[in-house]
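# Residue-level structure breakdown
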Amino acid sequence: MRNTRTLTHRAAVSAASAVAALVLAACGGGGDSSGSGSGPTAAHGSVSASAGAHNAQDVSFAQGMIPHHRQALEMARLAAGRASSARVEDLAARIEKAQEPEIRTMSGWLTSWGEDVPGSSGSEAESMPGMDHSGSGMPGMMAASDMAALGKASGKDFDARFLAMMVDHHKGAVDMATAEKKKGAYAPATSLADDIVAAQTAEITEMNELLGNG
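As the structure is a prediction and not an experimental result, all values here were calculated from the model. (Residues numbered from 1 in each chain as written. Predicted model: local features only at pLDDT ≥ 70, side-chain atom pairs only at ≥ 80, totals over all residues. Heavy atoms only, no water.)

## Quick notes on the confidence of the model for the protein chain
Looking at the protein chain as a whole, its pLDDT mean stands at 80, while 67% of the residues score no less than 70. Counting interchain partners and residues more than four positions distant, the pLDDT-below-50 stretch residues 1–42 has three contacts. This model gives residues 122–135 a pLDDT under 50, and the stretch forms 24 contacts once residues within four places in sequence are excluded. (pLDDT = per-residue confidence, 0-100. Contact = heavy atoms within 4.5 Å.)

See the structure below:
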């Protein structure tokens, strides 16, 4: 009888331990999943240990792509009052909607890494409208004269200039993002680079069709 009671007690203890382990595992799983989700922020992530270490290529990618995106936004914002084509206006709006959050994301990475963010604290000249970036080494950046001509254009002339300039600009961004995919170490950065390649390659095709080059 005593042996039966001992075995029953041991079984009860084992069952309680198993339940406790399941509860702890469930709590731990909830903590790990708190940073996951959908949307740009979740996809590219905030800086965290789980994202892995970054390297010099990741820093170069972010510091180059931020002013590159800013110039694209400068071009896109001109379309609302100057474009004659509703499709050009729509494209410009989509470019702005996509690239503004990406600038914020990359700025956050650089801040967390202790690196300079272009256009802030002493480097404002890098993002000032009208600045000539054509000699910056970043592919696809427009010269100040091209930006000035676009700002003076309207109607169909604006549409043609905008599309031709943005095709070249996008091609430069694709080149930069491709280099990040090959050499970058920080997972959210290489993921963003992959998104840039996919989205801007599709937009290049769309713009070439609008130009009649498709």
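## Thoughts on helix H3 (residues 56–82)
Here H3 is 27 residues long and its end C-alpha atoms lie 40 Å apart, about the 39 Å a rise of 1.5 Å per residue gives. Its side-chain oxygen at 3.1 Å from the backbone nitrogen of Gln57, Asn55 defines the N-terminal cap of H3. (Helix = DSSP H or I, 4+ residues; strand = E, 2+ residues; numbered from the N terminus. Expected span 1.5 Å × (residues − 1). Polar contact = N/O pair within 3.5 Å; in protein donor to acceptor, adjacent residues only side chain to side chain.)

## Considering the environment of Gly108
By the secondary structure assignment, Gly108 is in helix H4 (residues 86–113). With relative accessibility at 30%, the residue Gly108 sits in the partly exposed group. For the pair formed by Gly108 and Ala62, sequence separation is 46 residues and the distance between their alpha carbons is 9.8 Å. (Buried < 20%, exposed > 50% of the residue type's maximum accessible area, 1.4 Å probe, protein only.)

## Notes on the packing of aromatic side chains
Under the definition given, this model contains four aromatic pairs. When the centroid spacing of 5.6 Å and the interplanar angle of 80° are considered together, the rings of Trp109 and Tyr186 count as edge-to-face. In this pair, Trp109 is assigned in helix H4 and Tyr186 in the loop between helix H6 (155–183) and helix H7 (187–211), connecting sequence segments 77 residues apart. Assessed through its relative accessible area of 1%, Trp109 is described here as buried. (Phe/Tyr/Trp six-rings, centres within 6.5 Å; stacked < 30°, edge-to-face > 60°.)

## Some thoughts on the pattern of salt bridges
Applying the stated criterion to the full structure yields six salt bridges. In this structure, Glu96 and Arg77 form a salt bridge, with 3.1 Å as the shortest nitrogen-oxygen distance. Remark: Arg77 occurs in helix H3 and Glu96 occurs in helix H4; sequence separation between them is 19 residues. Note on Arg77: relative accessible area 42%, which makes it partly exposed. Residue Arg77 pairs with Glu100 through a salt bridge whose shortest N-O separation is 2.6 Å. Taken together, the residues span a long stretch of sequence, with Arg77 in helix H3 and Glu100 in helix H4 at a distance of 23 residues. We classify Glu100 as partly exposed; its relative accessible area is 30%. Connected via shared salt-bridge partners are Arg77, Glu96 and Glu100. (Salt bridge = Lys/Arg side-chain N within 4 Å of Asp/Glu carboxyl O.)

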